[in-house]
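Observations on chain architecture
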Amino acid sequence: RVGGLGLGIGVIASYGEEGDVFRFYEVNPDVIDIAEGNAGYFSFLTDSPASVEVIPGDARVSLEEEFLAGGSQNYDMLVLDTFSGGSIPLHLLTKEAFDIYLQHLNEGGIIAINVSNNYFDLPQAVFKLADEFNLSAVLIEDRGDGLQSYDSIWVLLAREKEALQIPAIAVRLSPSPEVGEEFGLWTDNFSNLYQIVK
């Protein structure tokens, strides 16, 4: 079971196999329309052998409502892919947001966060959250060629350290950022983008 915050054109669904469930949360109805193939450009969602669901609306609100209504989605992986633009949804990177994510993640599950951003150095904020929740965290950086591929930077988080020690992850690790005591934990009441401006 995979949950995805941010749909894009649905590329992640192409990794699905028969019997998998991919459940995407997307706030922009136009993005949903394009990803579902209504413009005739993309078919990742319809081509996936997995069961694919798209939940419209704010992801955090949807996840909170789902938990209150029926309990955990029990995700094996929760993918956050909403932070690549110049105006990032900070309410998805706070302590309160992570309280919600962890309610929906099974014990051996992984939270994968795409922190690729041209304006902000997001790994520090994510590693601070990992410390707060006593999660294991690793950084993976893949430098693109600038033509056919672009820089891709991810932080992976897990309750169980062993989940991040599989060979496919271990061979791709980058040094973790140093997060000083002065870096404040982001909450619904506090965040500081000036600390992470590139």
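Before reading further, recall that the structure is shown in the block above.
Below is a short write-up of the structure.

**Structural notes on unusual backbone geometry**
Here the phi dihedral of Asn 74 falls at roughly 55 degrees; this positive angle occurs in a residue that is not glycine. Relative to the helices and strands, Asn 74 is located in the loop between helix H3 (59-70) and strand E4 (75-80). On the basis of relative accessibility, which here comes to 43%, the residue Asn 74 falls in the partly exposed class. Positive phi is not limited to glycine here, since Asn 134 has a value of about 55 degrees. By the element assignment, Asn 134 lies in the loop between helix H5 (123-132) and strand E6 (136-142). For Asn 134, a relative accessible area of 69% gives the class exposed.

**Considerations on the side chain of Lys 128**
Take Lys 128: it is sitting in helix H5. It is Glu 181 that comes nearest to the buried, bridge-free Lys 128 among opposite-charge side chains, at 5.2 Å. At 3.1 Å, the side chain of Lys 128 and the backbone oxygen of Phe 183 are in polar contact. Those residues in contact with Lys 128 that lie beyond four places of it in its chain are Val 179, Gly 180, Glu 181, Phe 183, Gly 184 and Leu 185.

**Quick notes on the sheet that holds strand E7 (residues 152-158)**
Pairing in this open sheet of eight strands is mixed, and the strands run E3-E2-E1-E4-E5-E7-E6-E8 from one edge to the other. A strand with exactly one partner marks an edge of an open sheet, and here the two such strands are strand E3 (51-56) and strand E8 (173-174). Across four bridges, the pairing between strand E1 (residues 2-5) and strand E2 (residues 21-26) is parallel. When the bridges of E2 are listed, Leu 5 appears paired with Tyr 25. Lying on the sheet, H3 is in contact with E1, E2, E3 and E4; it crosses E2 at an angle near 125 degrees. Running at roughly 135 degrees to strand E5 (residues 105-114), helix H4 (residues 95-103) makes contact with E1, E4, E5 and E7 of the sheet.

About the criteria used
- Residues numbered from 1 in each chain as written.
- Predicted model: local features only at pLDDT ≥ 70, side-chain atom pairs only at ≥ 80, totals over all residues.
- Heavy atoms only, no water.
- Helix = DSSP H or I, 4+ residues; strand = E, 2+ residues; numbered from the N terminus.
- Buried < 20%, exposed > 50% of the residue type's maximum accessible area, 1.4 Å probe, protein only.
- Lys, Arg positive; Asp, Glu negative; His and termini not counted.
- Salt bridge = Lys/Arg side-chain N within 4 Å of Asp/Glu carboxyl O.
- Polar contact = N/O pair within 3.5 Å; in protein donor to acceptor, adjacent residues only side chain to side chain.
- Contact = heavy atoms within 4.5 Å.
- Pairing = 2+ DSSP bridges.
- Axes fitted to C-alpha atoms, helices over the stretch in contact; angles between N-to-C directions.

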